[in-house]
Amino acid sequence: MISPMKDSIPFNKPFIIGQELFNIARAVIENSALSGDGIFTRSCQGWLESTLGCKKALLTHSCTAALEMAAILCDIQPGDEVIMPSFTFVSTANAFVLRGGVPVFVDIRPDTLNIDEDRIEAGITERTKAIVPVHYAGVSCAMNEILEIADRFNLLVVEDSAQALLSKYKGQYLGSVGHIGTLSFHETKNIISGEGGALLLNDERFVDRSEIIWEKGTNRKAFFRGEVDKYTWVDIGSSYLPSDMIAAFLYAQMEAADKIITARRRIFNLYCKLLEPLTDNGLISLPWIDKDNISNGHIFYIITKSLGDRSRLISYLRKKGIMAVFHYIPLHSSPAGIKYGRSSGELRYTEELCDRILRLPLFYEMNDEQVLRVTEAIKDYYVRECLR
Ligand SMILES: *Cc1c(COP(=O)(O)O)cnc(C)c1O
C-alpha cells in the first residue's frame, strides 16, 4: 500500500455546502422529531416534485431501496423477466431478483455506455414485465425509443436515475420520463446525504400503493390524512423511510443543487478541453453526449485502448497521488448474475468497454489546478508510453 500523499487527489470527496448541520440541529430542537416522514422529508419530497415534475416523490434510505419498491410496484412474480443493461450496479438487478424476477441483460451502446435500444426488442418474451434503463454517468438513454417499445409490448419503464439527478433528456428531467424513477444520494453521487435515495412516481396508478409499501405495508399515511379510520396492515412493504436527520442534511444540498451541478459541469468541461488533444491521435476517447441531453456532470471517464493500457495508467496516476478507478464488473459474468439472470444476444461492448473505461477524480470541491494536475499526468503517461 502506498500511503496517501498530502496533496493527493482522491477519486471522490463528500462535502458540506452550507446549512446541512444547522438543519439537523433544527430537526431536533425546533421540530422535536427525528423519525421518518418529518418536516425535512416533506421539504425534500416537495423540492423533487416541483423541480423534476414527478407526480409524487418518496425519500428512501437508498436508491437500492427505491428500486426494491419499484419491483414491488411492477408486481414482479417469480419467473417474470426484466430487461436491463449488464453494465450497471448490482442493485439494478438485485431489486427484481428479490421478488423472483429474472434480469435479462442487453448490450450497451459504445458511444454512451447505455443500454442499446435497438437490442431491447430481441430480449422481450411473454414473461417480460419491465425495462430498466440506467442513465450511465448522468447521460440519458434513448428514452423516446424505449418508451415506444414499452408501449407496444405493454411493459413498465423504471428509470435507474441513481446518477442522473438534474440531467435532462429533450427538456425533461431524468427520473420523470418513465413510469417510475429512482434516485441515489449516496456520498459518491452529485447531491448527497451519505446514504439516501428517492422513488419518483410519474404515473398516478402507483401513488397510493407506493405510500403503503413505504410505510411497512400499512395504510398509516391515509390514516393520518383522515381518509381511513383504522391504521392497519394492508399490503407487503418494509421500512423504507429515512430518518428526518438524513432529510435535513439532504435538503441543504437540494437548496444548493444548481451551484453543485454547475461546479461539476465546469470540471467535466475542463477535462474535455484539456484531454481533447489526446483523442486526435486515438490514444483515448472521451464521453459523448448528444444534442438531446443536458448532463449533470456526474462522471468523467476516458476510454483507454486496452485493459493493459488502463492498468498501467492507473498505477502511473496512483504513484502521482491521483486516484482514478475503473467501474462495473458486468453483471452477466458475475456469480449471482449467472445464477439469477440471462443474457440476450452477445454483450460485446459491455465486455470490451468494462475493461477500458477509467473514471477520473471529480468532486464538488475539486479546483482547476487539480484538474490540470490529472490531465498533465495523463499526458505524461502517454508521452512515456509512446517512447516505450
Ligand atoms: C449508485 C447506484 C445505485 C445504488 O444507489 P444506493 O443509493 O447506493 O443504493 C443503483 N444504480 C446505479 C446505476 C447507481 O449508480
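For the structure itself, look to the data block above.
Below is a short write-up of the structure. In this text, all values refer to a predicted model and were calculated from it rather than measured experimentally.

Criteria and thresholds
Residues numbered from 1 in each chain as written. Predicted model: local features only at pLDDT ≥ 70, side-chain atom pairs only at ≥ 80, totals over all residues. Heavy atoms only, no water. Near = heavy atom within 4 Å. Polar contact = N/O pair within 3.5 Å; in protein donor to acceptor, adjacent residues only side chain to side chain. Areas by Shrake-Rupley, 256 points an atom, 1.4 Å probe, with all protein chains shown as cover. Phe/Tyr/Trp six-rings, centres within 6.5 Å; stacked < 30°, edge-to-face > 60°. Helix = DSSP H or I, 4+ residues; strand = E, 2+ residues; numbered from the N terminus. Buried < 20%, exposed > 50% of the residue type's maximum accessible area, 1.4 Å probe, protein only. Disulfide = S-S within 2.5 Å. Pairing = 2+ DSSP bridges. Salt bridge = Lys/Arg side-chain N within 4 Å of Asp/Glu carboxyl O. Lys, Arg positive; Asp, Glu negative; His and termini not counted.

1. Side note on the site of the ligand
Around the ligand sit 15 residues in total, of which Thr64, Asp160, Gln163, Ser184 and Lys189 are the nearest. In the environment of the ligand, an oxygen atom lies 2.5 Å from a nitrogen or oxygen atom belonging to the side chain of Thr64. Take Asp160: an N or O atom from its side chain is 2.8 Å from a nitrogen atom of the ligand. Protein contacts shield 92% of the accessible area of the ligand, which totals 390 Å² for the unbound molecule.

2. Description of the packing of aromatic side chains
Under the criterion given, the structure shown has 12 aromatic pairs. Between the aromatic rings of Tyr271 and Phe300, the centroid separation amounts to 4.7 Å while the plane-to-plane angle is 15 degrees, which identifies the pairing as stacked. You can see Tyr271 sitting in helix H9 (residues 257–280) and its partner Phe300 sitting in the loop between strand E10 (293–294) and strand E11 (301–303), a full 29 residues away along the chain. The class for Phe300 is buried, based on a relative accessible area of 0%. Each ring, one from Tyr316 and one from Tyr381, has its centre 5.8 Å from the other, and the planes form 50 degrees; the classification is tilted. Of this pair, Tyr316 sits in helix H10 (residues 307–319) while Tyr381 sits in helix H13 (residues 368–387), placing them 65 residues apart in sequence.

3. Points about the state of the cysteines
Going through the model one piece at a time under the given rule, you end up with 0 disulfides. Here Cys141 is not disulfide-linked; the sulfur of Cys63 is the nearest cysteine sulfur, at 13 Å. We classify Cys141 as buried; its relative accessible area is 2%. Cys272 takes part in no disulfide bond, and the closest cysteine sulfur to it belongs to Cys141, at a distance of 19 Å.

4. Things to note about the sheet that holds strand E7 (residues 172–173)
Taken in spatial order, the 3 strands of this open sheet run E7-E6-E10, and their pairing is antiparallel. Both outer strands of the open sheet, E7 and E10, are each paired with one neighbouring strand and no more. Bridge analysis of strand E6 (residues 168–169) against E7 gives 2 bridges, and the strand direction is antiparallel. Bridge pairing in E7 places Lys168 opposite Tyr173.

5. Here's the deal with the pattern of salt bridges
Inspection of every chain in the model, using the stated rule, returns 24 salt bridges. Across the pair Arg205 and Asp203 runs a salt bridge whose closest N-O atoms are separated by 2.8 Å. Notably, a salt bridge pairs Arg312 with Glu385, separated by 3.4 Å at the nearest N-O pair. One end of the pair, Arg312, is in helix H10; the other, Glu385, is in helix H13, with 73 residues separating them in the sequence. The exposure class assigned to Arg312 is partly exposed, which follows from its relative accessible area of 34%. Three or more residues are tied together by salt bridges with common partners; here these are Lys56, Glu211, Arg225 and Glu227.

6. A short note on the sheet that holds strand E2 (residues 81–85)
Judged by pairing direction, the sheet is mixed, and its 8 strands sit side by side in the order E1-E9-E8-E5-E4-E2-E3-E12 without closing on themselves. Two strands in the sheet have a free side with no partner beyond their single neighbour: strand E1 (56–60) and strand E12 (342–343). Relative to strand E9 (residues 197–201), strand E8 (residues 180–184) runs antiparallel, the two being bridged by 5 bridges. Considered in E9, the bridge of Gly181 is made with Leu200.

7. Description of the side chain of Asp309
Here Asp309 shows up in helix H10. For Asp309, which is buried and forms no salt bridge, the nearest opposite charge comes from Arg312, at a distance of 4.5 Å. Of the polar contacts made by the side chain of Asp309, one reaches the backbone nitrogen of Lys305; its length is 3.3 Å.

8. Topic: the environment of Ala122
Mapped onto the fold, Ala122 is located in the loop between strand E3 (102–106) and strand E4 (128–131). Considered as a pair, Ala122 and Leu278 are 156 residues apart in the sequence and their alpha carbons are 37 Å apart.

9. Some thoughts on the pairing of E1
Most of E1 is tucked away: 5 of the 5 residues are buried. In E1, alternate side chains face the same way, and those of Lys56, Leu58 and Thr60 on one face and Ala57 and Leu59 on the other are all buried. Note that E1 and E9 share 5 bridges and pair antiparallel. Bridge assignment links Leu58 to a residue of E9, and that residue is Leu199.

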